[in-house]
Amino acid sequence: MAFVPISIDDYVTKFLAGNPDSERSEVTARLEETLADFKAGTRCACGARIWVIGSAEAGHGCFRCITGEAYPEEDYEIAEASTKTAEPRAAKGSPLREANFLARPVKRGRIEAMES
Ligand SMILES: [Zn+2]
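Residues numbered from 1 in each chain as written. Predicted model: local features only at pLDDT ≥ 70, side-chain atom pairs only at ≥ 80, totals over all residues.

Time to look at the overall build of the protein. The number of helices and strands found in the protein is seven helices and two strands. Mapped from its N terminus to its C terminus, the protein presents α and β elements in the order β-α-α-α-α-β-α-α-α. By residue count, 18% of the 116 residues in the protein fall in the buried class. For the protein, the share of sequence-separated contacts (at least 6 apart) that also reach a separation of at least 24 residues comes to 40%. (Helix = DSSP H or I, 4+ residues; strand = E, 2+ residues; numbered from the N terminus. Buried ≥ 20, exposed ≤ 12 C-beta atoms within 10 Å, placed from the backbone. Contact = placed C-beta atoms within 7 Å.)

Within the largest apolar cluster, 13 residues are counted, with the highest numbers of intra-cluster contacts made by Leu-31, Leu-35, Val-52, Ile-53 and Ile-78. Looking at this core, the elements that each hand over two or more residues are helix 1 (8–18), helix 2 (24–39) and helix 3 (52–58). Those residues in contact with Ile-78 that sit more than four places away from it in its chain are Ile-6, Ile-8, Tyr-11, Leu-31, Leu-35, Val-52 and Ile-53. (Core = buried A, V, L, I, M, F, W, Y, C linked by C-beta atoms within 7 Å.)

To continue, consider the environment of Arg-64. In this structure, Arg-64 sits in helix 4 (residues 63–67). The exposure class assigned to Arg-64 is partly exposed, which follows from the 15 C-beta atoms found within 10 Å. Between the alpha carbons of Arg-64 and Cys-44 there is a distance of 9.7 Å; along the sequence they are 20 residues apart. With sequence-adjacent residues up to four places away left out, Arg-64 is seen in contact with Ala-48, Glu-69 and Ala-70.

The periodicity of an α-helix, 3.6 residues per turn, causes residues three or four positions apart to be oriented the same way. Over its 16 residues, helix 2 runs 22 Å from end to end, which matches the ideal 22 Å to within 8%, given 1.5 Å per residue. Within the span of helix 2, buried status applies to Leu-31, Thr-34, Leu-35 and Phe-38. Buried residues of helix 2, viewed axially, fall in a sector of 105 degrees; they line one side. Away from the buried face of helix 2 by more than 90 degrees, exposed residues Ser-25, Glu-26, Ala-29 and Ala-36 are located. Each element contacted by the buried residues of helix 2 is listed here: helix 1, helix 3, strand 2 (75–78) and helix 5 (79–82). Following helix 2 by one or two positions, Gly-41 has its phi on the positive side, about 95 degrees. (Expected span 1.5 Å × (residues − 1). Arc of directions from axis to C-beta.)

Let us look at the confidence of the model for the protein. Mean pLDDT for the protein: 82, with 70% of residues reaching 70 or above. Considering only residues more than four positions removed or in separate chains, one finds that residues 85–92, a stretch of pLDDT under 50, has seven contacts. Across residues 97–104, where pLDDT falls below 50, the model places three contacts with residues more than four positions away in sequence or in other chains. (pLDDT = per-residue confidence, 0-100.)

The following block contains the structure:
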């Protein structure tokens, strides 16, 4: 359920193996442009961060919108983008995480026990 990080050069080599009619310089340029867009904060129409490898070929979109699959599995992503692909999650001890903990409903039995 995660991207496999890969360098642009390595990915282009794999891409060209499957698409022998493509030009290495063009494929590389598209990936570099899309990676720059990713770094600039470009997002998919749904609000998620873009999937650089898919977006280079299909236009700006996140993994889910481009592939229709919920999570990447053995799918490549440019290494520089793959570590930042996940939406920020609440870190341990962060205010957000504390709030989630406090918002959990108290079990009914515990309230009754306190009242008796
Ligand atoms: Zn999307």
